[in-house]
Structure formats: structure tokens, C-alpha cells
Amino acid sequence: MSCQPALTQIWIRKDLALISYSLKPIDIVVLKKLSDVVNVVPVIAKSDSLTLEERMAFKERIKEEFAFHNLRMYPYDNEEQDEEERALNTNIKDLIPFAVVGSENSIVVGGRSVRGRQNRWGVINVEDENHCEFVSLRNFLTRTHLQDLIETTSQIHYETFRAKQLLALKENSAAGQGSRPISPSADRELSRQSQRMTMNGY
């Protein structure tokens, strides 16, 4: 099997004859469902298998497909952000999808030990921004946007999921399909509602 770039955790096929990169229909369906429940940050894995021109073309193609299919990509636009946050998000969106190279091995480069890989044609240093965008991805996820990721997950994704579950529970109860809850959280919410109704005398 040849080295294939990956987008999030969905493998993208690389046609060696045409070198055309795109999302398959199943990728689009999965990403639409995922973007409703999680923050989607696209990543091109094994980006060292691409030339710089191929990598840039691949990034542009992925951005076009995300826009065409209305796939939501984190970070989201928000009117409450100040100019500094907007500028930071613009820089991040220019880098997305992040082209990264991974390695579990430490090698010595210039007298110091770094994460990377030794190939026949040279060394790939994971933390060298000329080789890959791992440092930018790490800073994005753990330093500049960590709190926003947490808040977005709890305030948007979890609340959307919760509302859908409660609506489905209500529809099932109204249709007479029994009172069996959809999930444990819906069961707890149903118990809380019945306790409130009992306390209020209903």
C-alpha cells in the first residue's frame, strides 16, 4: 500500500496517474454528520508523501469541497470576536487543513534530539515549520483555542444533541411508542421533569 494522505480520520485516495485528490461521497456524508456533533479540524496526514505544489493543490481542493458541500470547519465565525481573535482565526483558516508528519522516533539533528524520521533523501523534523505544520496545529489546539473548543463543545454541540434527543423522546411518547427513553441522559431529564411536575402539584 502506498503512502496516502488522510483528512481527519478518513483516508483520501491518491490516484498516482492523475494525482487528483477529492472527498468521496461517503467522506462527505460522514463529515456532515460529524460536524453536527464535534468540532471538525481537517488534517492531512503523511504530508511528506506530497510535493509542496501537490500539498497546496490538495489544501485548496479540500477547502473548495468543504465550501461546496457546506461542511462546517472549526474555528467558526462569530460576531462577538474582537479584531485580534478574527485575525488569529483568519491565519488558522489559511493553514487548514493542517499538513502534518508524525513520528514516534527521536533522531539527532544538528547535535540535538528531535522527533522526526530519517529517509534516504534526508531528515523530516516534525517540529520544523518548513517540514510540516504540526507546531501550528499543536498551538491551535492546546494554546490559542483550547477554551473556545471546550465552550463550543458544551454550548453548541452538546446542547444541540440534547435538544434532538428530548425532541425525539417527546415525539415517541406522543406517537404512543412507549415511554422507553432513548438514552440514559434522556431518562435522567425525563425523571427531572416528572419530579418538577410532582413538586408543582401537576
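Above this note sits the structure.
Residues numbered from 1 in each chain as written. Predicted model: local features only at pLDDT ≥ 70, side-chain atom pairs only at ≥ 80, totals over all residues. Heavy atoms only, no water.

Asker: Where do I start with the pairing of strand S6 (residues 112-119) in this structure?
Answerer: Two faces, one strand: in a regular strand the side chains alternate between the faces of the sheet. One ladder, built from four bridges, connects strand S5 (residues 106-109) with S6; its direction is antiparallel. Residue pairing across strands places Ser-106 opposite Arg-115, the latter belonging to S6. The turn joining S5 and S6, which pair antiparallel and follow one another in sequence, is formed by two residues; a positive phi near 60° is taken by Gly-110. With four bridges joining them, S6 and strand S7 (residues 122-125) adopt antiparallel strand pairing. (Pairing = 2+ DSSP bridges. Helix = DSSP H or I, 4+ residues; strand = E, 2+ residues; numbered from the N terminus.)

Asker: Looking at this structure, I do not really get unusual backbone geometry. What am I missing?
Answerer: Most peptide bonds are trans, and most residues other than glycine sit at a negative phi. In this chain, Tyr-74 is followed by Pro-75 through a cis amide linkage whose omega measures 10°. Along the polypeptide, Pro-75 turns up in the loop between helix H2 (52-68) and helix H3 (83-95). In this model, Lys-46 sits at a positive phi of 55°, which is unusual for a non-glycine residue. Tracing the chain through its elements places Lys-46 in the loop between strand S3 (43-45) and H2. Positive phi is not limited to glycine here, since Asn-70 has a value of about 55°. Turning to its location among the elements, Asn-70 is positioned in the loop between H2 and H3.

Asker: What should I look at first to understand the environment of Val-40 in this one?
Answerer: Positionally, Val-40 belongs in the loop between helix H1 (25-37) and S3. The exposure class assigned to Val-40 is buried, which follows from its relative accessible area of 5%. Counting along the chain gives 32 residues from Val-40 to Arg-72, while the straight-line C-alpha distance between them is 7.1 Å. (Buried < 20%, exposed > 50% of the residue type's maximum accessible area, 1.4 Å probe, protein only.)

Asker: Got a minute to help me understand the nonpolar core in this structure?
Answerer: In a soluble, globular protein the nonpolar side chains are often hidden away together inside. Of all hydrophobic cores here, the largest spans eleven residues; its members are Val-41, Val-43, Tyr-74, Tyr-76, Ile-92, Ile-96, Phe-98, Val-100, Leu-137, Phe-140 and Leu-149. Leaving out residues up to four positions away in the same chain, Leu-149 has contacts with Asn-39, Tyr-74 and Leu-141. Counting ten residues, the second-largest nonpolar core is a separate cluster that includes Leu-31, Phe-58, Ile-62 and Leu-71. (Core = buried A, V, L, I, M, F, W, Y, C linked by side-chain atoms within 4.5 Å. Contact = heavy atoms within 4.5 Å.)

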